[in-house]
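A structural walkthrough
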Amino acid sequence: MSIRAILTGATGMVGAGVLHECLQNPAVEHILVLSRRASGVKHPKVTELLHADLHNLSPIESQLTGYNACFFCAGISSVGVSKDEYERITHDLTLAFAQTLLRLNPNLTFTYVTGAGTDSSEKGRSHWARVKGRTENELLALPFQHAYMFRPGYMHPTPGQANVPEAYRYFGWLYPIARRLTPGFVSTMQELALAMIKSVSNGYPKRVLEVRDIVALAHGNAAPRS
């Protein structure tokens, strides 16, 4: 299966890491990078489409057809923003974006990066986790051909990828230790990207993937036993 995907968040660490892996992977034929500002990536597989308002895709809808996957990696931290703003970007933008792509590409597989600790019950104490949970639940209720929610924890960046925060240079050396001690919370950025690509190509038994699922899928394994 040749993957033609729309990717968001290319100017952030996760989106840049997924894009980096897509460029190396023969299963990915073409990537439309949709962003508010330029990613700086030049590659024969990549078309970059700059659009200031991702809440309103109507002016560019004609350029969003003919795709069979979406790697939705855009998002913000809840730190330093109001609850209303966090919900507007994390929930409202994501759902509006997904609904538009579904209408334009009924056979599309939608993959969404959330995070470890997301609250599917929508009733927990953490606001960000409830909002992420509501977003996941509503995405899964949409009639996509397939939809997968990815919940990574710490992701060790891929050598050579763009947009890695400076802090990773200072505590990245802890990665091998954390991988051994807390395997349910730690993966590589490459494993997340590979898992997202393989979910489109091969599917996966679970629709919500925790870190162990991400690692298993990246390495071609069946769903791990709970």
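Above: the structure in question.
A brief structural summary. (Residues numbered from 1 in each chain as written. Predicted model: local features only at pLDDT ≥ 70, side-chain atom pairs only at ≥ 80, totals over all residues. Heavy atoms only, no water.)

Here we take up the nonpolar core. Residues Val 18, Ile 31 and Phe 71 are the most contacted members of the largest nonpolar core, which totals 34 residues. Within the residue set of this core, elements represented by two or more residues are β1 (3-8), α1 (13-24), β2 (28-35), β4 (69-72), β6 (146-150), α6 (189-202) and α7 (211-218). Setting aside anything within four residues of it in sequence, one finds Ile 31 in contact with Ala 5, Leu 7, Leu 19, Cys 22, Lys 45, Val 46, Thr 47 and Phe 71. By size, the runner-up hydrophobic cluster in this structure holds 26 residues, among which are Leu 95, Phe 97, Leu 102 and Phe 144. (Core = buried A, V, L, I, M, F, W, Y, C linked by side-chain atoms within 4.5 Å. Buried < 20%, exposed > 50% of the residue type's maximum accessible area, 1.4 Å probe, protein only. Helix = DSSP H or I, 4+ residues; strand = E, 2+ residues; numbered from the N terminus. Contact = heavy atoms within 4.5 Å.)

On to unusual backbone geometry. Note: most peptide bonds trans; most residues except glycine with negative phi. Positive phi, normally seen in glycine, also occurs at Glu 122, with a value near 65°. Counting through the fold element by element, Glu 122 comes out in the loop between β5 (109-113) and α3 (127-141). For Glu 122, a relative accessible area of 32% puts it in the partly exposed group. A positive phi angle, near 65°, is found at Asn 163, a position not held by glycine. Position of Asn 163 relative to the elements: it lies in the loop between β7 (154-156) and α4 (168-171).

If you trace the backbone, Glu 21 turns up in helix α1. Of the side chains with opposite charge, Lys 198 lies nearest to the buried Glu 21, which makes no salt bridge, at 9.1 Å. Non-local contacts of Glu 21, meaning those with residues more than four positions away in its chain, are made with Gln 190, Ala 193, Leu 194 and Ile 197. (Lys, Arg positive; Asp, Glu negative; His and termini not counted. Salt bridge = Lys/Arg side-chain N within 4 Å of Asp/Glu carboxyl O.)

This paragraph deals with the pattern of salt bridges. Evaluated as defined, the whole model comprises eight salt bridges. Glu 29 is the partner of Arg 4 in a salt bridge, and the nearest nitrogen-oxygen pair spans 3.5 Å. Linking Arg 4 in strand β1 with Glu 29 in strand β2, this pair joins segments that are 25 residues apart in sequence. Arg 4 sits in the partly exposed class, given a relative accessible area of 28%. Ionic pairing is found between Arg 88 and Glu 85, a salt bridge with its closest N-O pair at 3.1 Å. Taken as a pair, Arg 88 and Glu 85 lie in helix α2 (residues 83-104) at a separation of three residues, close to a single helical turn. Since its relative accessible area comes to 35%, Arg 88 is described here as partly exposed. Under the relative-accessibility criterion, Glu 85 is labelled partly exposed at 29%. What emerges from the salt-bridge pattern is a single network uniting Glu 136, Arg 151 and Glu 210.

What follows concerns a nonpolar patch on the surface. Judged by side-chain polarity, Tyr 170, Phe 171, Trp 173, Leu 174, Ile 177 and Leu 181 come together as a nonpolar surface patch covering roughly 680 Å² of accessible area. Secondary structure elements with two or more residues in the nonpolar patch: α4 and α5 (175-181). Relative to the assigned elements, Leu 174 resides in the loop between α4 and α5. Under the relative-accessibility criterion, Leu 174 is labelled partly exposed at 36%. (Patch = residues over 30% accessible without salt bridge, like charges linked within 9 Å, V, L, I, M, F, W, Y side chains within 5 Å. Areas by Shrake-Rupley, 256 points an atom, 1.4 Å probe, with all protein chains shown as cover.)

Looking now at the packing of α2 against α3. Running from N to C, α2 and α3 cross one another at 10°; their axes reach a closest spacing of 10 Å. Accordingly, the angle class assigned to the pair α2 and α3 is roughly parallel. With respect to the hand of their crossing, α2 and α3 are arranged in right-handed fashion. Mapping the contact onto sequence places Lys 83, Tyr 86, Glu 87, Thr 90, His 91, Thr 94, Leu 95 and Ala 98 in α2 and His 127, Trp 128, Val 131, Lys 132, Arg 134, Thr 135, Glu 138 and Leu 139 in α3. (Axes fitted to C-alpha atoms, helices over the stretch in contact; angles between N-to-C directions. Parallel < 35°, antiparallel > 145°, perpendicular 65-115°, else oblique. Left-handed = near helix turned anticlockwise from the far one by under 90°.)

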